[in-house]
Number of protein chains: 2
Amino acid sequence: MIDTHFPIELPIIQAPMAGVTSPSLVAAVSNAGALGSIGAGYLNALQTRAFIQGVKQQTTKAFGINLFVPEEIELDPQLIENANGYLQPIREELGLPENKVSNITAHSDYEQQIQVVLEEKVPVCSFTFGMPRKDIVLELKKNGILVIGTATTVEEAIAVQDQGMDAVVVQGMEAGGHRGSFLHEHYIGLMSLIPQVVDEIHIPVIAAGGIMDGRGVAAALCLGAKAVQMGTAFLTTEESSAHPQHKLAILQAKEVDTSVTKVFSGKSARGITNQFMREMKPYEHNLPPYPIQNSLTKEIRKKAAEQSSSQYMSLWSGQSPRLSKSMSAQQLIKDIMEEVRKISKSMTNQTF
Amino acid sequence: MIDTHFPIELPIIQAPMAGVTSPSLVAAVSNAGALGSIGAGYLNALQTRAFIQGVKQQTTKAFGINLFVPEEIELDPQLIENANGYLQPIREELGLPENKVSNITAHSDYEQQIQVVLEEKVPVCSFTFGMPRKDIVLELKKNGILVIGTATTVEEAIAVQDQGMDAVVVQGMEAGGHRGSFLHEHYIGLMSLIPQVVDEIHIPVIAAGGIMDGRGVAAALCLGAKAVQMGTAFLTTEESSAHPQHKLAILQAKEVDTSVTKVFSGKSARGITNQFMREMKPYEHNLPPYPIQNSLTKEIRKKAAEQSSSQYMSLWSGQSPRLSKSMSAQQLIKDIMEEVRKISKSMTNQTF
């Protein structure tokens with residue numbers, strides 16, 4: 001239990017992986033005593049509600065939802081045109097027509113999603129890519145919803161606490177998928193980050209990044225975290241809707257096979273290094289920001305997925321793919337907790 | 001105790017910080033039940049012997065020594081001339097004369113140091129920057145000396161084991177000072193690295209990088225390490241001979257203040273980002289390799305130290321400077337072990 005306010009038995013949160021989390025994964029995790037999370041970052045308000053209701057049909061336990069806080073961005077048609085140019089050879093290779101669109105809108109259903117979360121009374125709501133306004137935090141809390149922020153540095157964790165949120169996910173450099181940075185981009189190892197954050201704030205810290213098994217959970221608790229958030233570990237479970245090629249890539253990867261890239265979405269994210277990342281790397285710093293670049297690569301990722309061509313898909317993964325396993329989410333959670341208990345026991349038997 | 005062969009009571013090794021470790025630090029650490037280590041990387045054979053004897057005068061306990069394995073490098077006079085050119089404005093600022101030397105030798109007393117270690121029967125000998133030849137490993141082991149290698153990836157850890165060494169220091173991306181990489185340069189967070197290494201080798205794993213207190217030690221043990229190696233934590237102790245400005249810089253630094261640079265020595269190392277690193281960054285990939293660049297910047301670092309100008313000194317530090325403290329090495333070790341015991345106890349009281 002994270003603290004008395006948290007509606008879960010086990011110190012495990014399934015990371016809200018937007019795009020690869022299914023309602024059955026969320027429900028399976030919550031049913032196993034951990035916290036399942038909906039990754040609603042890419043959904044509109046209607047899809048968000050449908051997803052929540054899909055989870056509710058499969059569990060009566062608490063679960064969470066994660067929203068992307070939209071940023072103000074400038075639309076630069078020249079940047080978009082350039083990016084389309086860089087992407088053209090890859091489109092051709094996949095058999096996609098030329099993309100001439102240059103006035104993409106950066107629309108987000110964020111405000112409507114908040115309304116859906118309130119109406120559906122989702123027990124936990126977390127935020128990434130920035131902080132929700134104070135009035136939103138207050139409104140959610142007033143409705144009994146636990147509010148969680150995401151931070152990658154001590155400064156960001158303090159900001160999350162100051163905004164009135166109930167807990168903070170602290171993301172180490174090991175983490176797969178998008179960086180949650182919103183003040184500055186820094187890459188701090190989780191082992192360093194957790195205790196330095198814990199010493200500066202009083203809200204519960206949830207550790208994220210490279211944690212895959214009971215050893216990682218026990219270590220995070222020793223460092224002062226109250227719970228962990230695991231993404232990659234759940235991505236390869238049976239209930240995850242990640243593409244089979246994505247699962248396979250993680251199951252076969254080594255710890256040195258991931259890197260951080262902006263080329264898929266315009267925002268830094270860690271994934272298994274593939275051809276798309278290598279081919280686009282020279283242009284990485286001349287691409288439009290998120291969510292524009294994400295829109296520009298959407299068709300490519302979709303087509304690659306249809307063709308099971310993992311070299312052009314985004315293969316998000318943390319730095320511990322060697323620890324990944326293929327099993328049910330329930331079994332994974334059971335195994336992890338068994339290992340945590342075993343480690344706890346052996347720790348007390350140490351004679352120093 | 002790491003395992004039955006290791007001559008220490010506590011699972012703590014003081015990192016062999018070449019240049020900042022004093023005989024009294026090594027002895028103080030060993031006297032406290034941990035393992036003190038001489039950082040002999042920059043010493044010649046005579047200095048190495050004197051250092052070892054200095055330690056022996058202050059302790060009867062086991063201690064270790066670390067040697068840099070020399071690499072074959074090509075001497076490129078043009079690279080050296082260019083580097084001297086880049087460094088010239090900084091030399092001027094510090095009041096140093098122009099450096100015209102372009103035929104620096106990359107001499108190392110490595111082979112003679114091995115002889116000294118054998119003659120002086122130093123209980124533990126560790127290696128960085130590469131692997132000692134198999135005949136050296138055998139000779140040391142035959143003389144009852146424990147041999148430890150350094151690795152930054154699973155592949156390197158396996159290589160260390162295959163070379164016949166007794167244990168491996170696994171260095172996370174958080175670590176301060178020089179990277180121990182010798183096959184490829186990768187930056188894996190310690191939380192990810194430890195369990196992935198532990199699963200692939202059978203010799204004891206010693207965790208290094210960002211560990212500063214009992215929380216870090218307990219976490220490393222949970223992840224499967226048998227001991228930790230701590231550098232930055234000991235650098236700020238009273239017995240450390242680090243420059244007062246270096247200690248002060250660490251004591252005041254935040255987790256986001258360090259970065260990895262090649263500009264001081266020609267080899268990647270993590271330290272507190274300062275003016276020297278910023279000014280030399282544009283030339284980072286056009287500098288001569290270690291130990292040439294190290295020789296070229298030696299006078300600058302020495303003069304800067306004399307002037308207490310921390311902006312031109314190498315301020316090696318891991319990613320956890322917020323956890324640094326100024327106290328005796330003995331007190332630090334005592335506090336850490338007390339915290340480890342407290343955490344172990346609280347772990348068993350968790351009810352999951």
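Fair warning: this is a prediction, and the values are worked out from it, not measured in the lab.

Chemist: How should the interface of chain A and chain B be read in this particular structure?
Modeler: Much of the literature gives interface size as the accessible area that the parts lose upon coming together. Tallying the contact residues gives 50 residues for chain A and 49 residues for chain B. Taking both partners together, chain A and chain B bury about 3900 Å²; carbon and sulfur atoms supply 65% of that area. At the junction of chain A with chain B, the criterion picks out two salt bridges. With a closest N to O distance of 2.9 Å, Asp199(B) and Arg215(A) form a salt bridge. Counting across the interface, chain A meets chain B through 14 residue pairs in polar contact (both at pLDDT 80 or more). At the level of elements, helix H6 (154-162), helix H7 (190-198), helix H8 (214-222) and helix H13 (329-348) of chain A are the ones that each hand at least two residues to the side of chain A that touches chain B. Considering every element that reaches the side of chain A that touches chain B, the biggest residue donor is H13(A), with eight residues.

Chemist: Help me out: how do you make sense of the pattern of salt bridges in this one?
Modeler: Should their charged atoms come close, side chains of opposite charge can pair. All names here are of chain A. Scanning all chains against the criterion turns up 30 salt bridges over all chains. For Glu284, the salt bridge goes to Lys281, with nearest N and O atoms at 3.6 Å. Within the structure, one salt-bridge network assembled from shared partners comprises Arg49, Lys56, Glu119 and Glu120.

Chemist: For this particular structure, what's the right way to read the confidence of the model for chain A?
Modeler: Close inspection of predicted coordinates is inappropriate for parts of the model with low pLDDT. Confidence in the prediction for chain A averages 95 pLDDT; 98% of positions are at 70 or higher. Reported for the predicted complex are a pTM of 0.97 and an ipTM of 0.96.

Chemist: What should I look at first to understand the state of the cysteines in this one?
Modeler: A disulfide bridge is the covalent bond that connects two cysteines by way of their sulfur atoms. For the coordinates displayed, the defined rule picks out zero disulfides over all chains. Counting only cysteine sulfurs, Cys222(B) is the nearest neighbor of Cys222(A), a cysteine outside any disulfide, at a range of 3.5 Å.

Chemist: Please explain the relation of the copies chain A and chain B as it appears in this structure.
Modeler: These two copies of the chain differ by a rotation about an axis and a displacement along the same axis. Between the two copies, chain A and chain B, the superposition gives an RMSD of 0.0 Å; the rotation angle is 180° and the shift along the axis is 0.0 Å. Both chain copies can therefore be described as sitting about a two-fold axis. In terms of C-alpha distance to the rotation axis, chain A has Ala219(A) as its closest residue, with the C-alpha 2.0 Å off the axis. Mapped onto chain B, 98% of the interface residues of chain A are again interface residues, and the two copies thus contact each other with one and the same surface.

Chemist: I would appreciate a short explanation of the packing of aromatic side chains in the present structure.
Modeler: Centre distance and the angle of the planes are the two values used to describe a pair of aromatic rings. Applying the stated criterion across every chain, the model contains 16 aromatic pairs over all chains. On the basis of an interplanar angle of 20° and a centroid distance of 4.6 Å, the ring pair of Phe264(A) and Phe276(A) is categorised as stacked. Linking Phe264(A) in the loop between strand S10 (258-261) and strand S11 (269-272) with Phe276(A) in helix H11 (residues 275-280), this pair joins segments that are 12 residues apart in sequence. The exposure classification of Phe264(A) matches that of Phe276(A), with both residues buried. Judged by centre distance (6.2 Å) and plane angle (75°), the ring pair of Phe68(B) and Tyr290(B) falls under edge-to-face. Placement of Phe68(B) in strand S3 (residues 63-68) and of Tyr290(B) in the loop between helix H11 (275-280) and helix H12 (292-306) is noted, with a sequence separation of 222 residues between them. Each member of the pair Phe68(B) and Tyr290(B) is classed as buried. Ring pairs connect the aromatic residues Tyr42(A), Phe68(A), Phe129(A) and Tyr290(A), which therefore count as one cluster. Directly above the aromatic system of Phe129(A) lies the positively charged group of Lys267(A), at a separation of 4.3 Å from the ring centroid.

Chemist: Sorry, what's going on with the pairing of strand S2 (residues 36-39) of chain A here?
Modeler: Sheet faces and side chains relate simply in a regular strand, where the side chains alternate between the two faces. Residue and element names in this part refer to chain A. Residues Gly36 and Ile38 point to one face of S2 and Ser37 and Gly39 to the other, with burial holding for every one of them. Where S2 lies against strand S3 (residues 63-68), four bridges are found, and the strand directions are parallel. For Gly36, the partnering residue across the bridge sits in S3 and is Phe63. Following the backbone out of S2, through helix H2 (residues 45-56) and into the adjacent parallel S3, one traces a crossover that is right-handed.

Chemist: Honestly, the nonpolar core in this entry has me stumped. Any pointers?
Modeler: If you look at the biggest cluster of nonpolar residues, it comprises 206 residues, and the most contacted ones within it are Phe127(A), Phe234(A), Phe127(B) and Phe234(B). If sequence neighbours within four positions are ignored, Phe234(A) has contacts with Ile12(A), Ile13(A), Gln14(A), Met17(A), Leu25(A), Val29(A), Ser240(A), Ala329(A), Leu332(A) and Ile333(A).

Chemist: For this particular structure, what's the right way to read the environment of Gly224(A)?
Modeler: Residue and element names in this part refer to chain A. For Gly224, the position within the fold is in the loop between H8 and strand S9 (227-230). It is 52 Å that separates the C-alpha atoms of Gly224 and Pro97, two residues lying 127 residues apart in sequence. Setting aside its immediate chain neighbours within four residues, Gly224 contacts Ile194 and Val198.

Chemist: Whenever I open this one, the pairing of strand S4 (residues 124-128) of chain A confuses me. Can you help?
Modeler: Residue and element names in this part refer to chain A. Burial runs high along S4: five of the five residues are buried. Burial along S4 is two-sided: Val124, Ser126 and Thr128 and Cys125 and Phe127, pointing in opposite directions, are all buried. Two elements, S3 and S4, share five bridges in a ladder whose sense is parallel. Bridging from a neighbouring strand, Gly64 pairs with Val124 of S4. Bridging between S4 and strand S5 (residues 146-151) involves three bridges; their strand directions are parallel.

Chemist: Explain the sheet that holds strand S1 (residues 12-14) of chain A to me, please; I cannot follow it from the model alone.
Modeler: Sheet strands pair by backbone hydrogen bonding; their relative direction is either parallel or antiparallel. All names here are of chain A. A sheet is described by the order of its strands in space; here eight strands give the open sequence S1-S9-S8-S6-S5-S4-S3-S2, paired in parallel fashion. Each having just a single partner strand, S1 and S2 make up the two edges of the open sheet. The sheet shows a mean angle of 25° between the axes of neighbouring strands, direction not considered. Sheet contacts for H6: S5 and strand S6 (167-171); angle to S5, the most-contacted strand, approximately 160°.

Rules of the game
Each chain carries its own residue numbering, running from 1 in the direction its sequence is written. As a convention, the first chain written is A and the first ligand written is 1, with the rest following in written order. It should be noted that, the model being predicted, local features are given only for residues of pLDDT at least 70 and side-chain atom pairs only at 80 or more, the latter also being counted only at that level, while totals for whole chains, interfaces and linings use all residues. Note that water and hydrogens are dropped before the side-chain values are worked out from all heavy atoms of the structure. Here a residue-residue contact requires only that any non-hydrogen atoms of the pair lie within 4.5 Å. Defined in terms of a 1.4 Å probe, buried area is the accessible area two parts forfeit on being brought together, summed over both. By salt bridge we mean one thing: a side-chain nitrogen of Lys or Arg within 4 Å of a carboxyl oxygen of Asp or Glu. In protein, a polar contact means a hydrogen-donor-capable atom and an acceptor-capable atom, both N or O and within 3.5 Å, with residues adjacent in sequence counting only if both atoms are side-chain atoms; elsewhere, any N or O pair within 3.5 Å suffices. Strands here are runs of E lasting at least two residues and helices are runs of H or I lasting at least four, both read from the DSSP assignment and numbered beginning at the N terminus. Each residue carries a pLDDT score, the predictor's own confidence in it, on a scale running from 0 to 100. The disulfide criterion is simple: two cysteine sulfur atoms within 2.5 Å. Only residues with pLDDT of at least 70 in both copies contribute their C-alpha atoms to the least-squares superposition of the copies. Centre distance within 6.5 Å is the pairing criterion for rings of Phe, Tyr and Trp, where only the six-membered ring of Trp is used; planes under 30 degrees apart are then read as stacked, over 60 as edge-to-face, and the remainder as tilted. Classification of residues uses two cut-offs on accessible area relative to the type maximum, computed with a 1.4 Å probe and protein chains only: under 20% is buried, over 50% is exposed, and between them is partly exposed. In this scheme, the term charge over a ring applies when either NZ of a lysine or CZ of an arginine sits within 6 Å of the ring centre and within 35 degrees of the ring normal. Only strands that DSSP links by at least two bridges are regarded as paired with each other. Assignment of crossover handedness uses the view with strands pointing away from the viewer, where a clockwise path from the first strand over the helix to the second indicates a right-handed crossover. Side-chain atoms within 4.5 Å are what join buried Ala, Val, Leu, Ile, Met, Phe, Trp, Tyr and Cys residues into a set we call a nonpolar core. Note on geometry: axes are lines fitted to C-alpha atoms, helical ones only across the stretch in contact, with angles between N-to-C directions running from 0 to 180 degrees.

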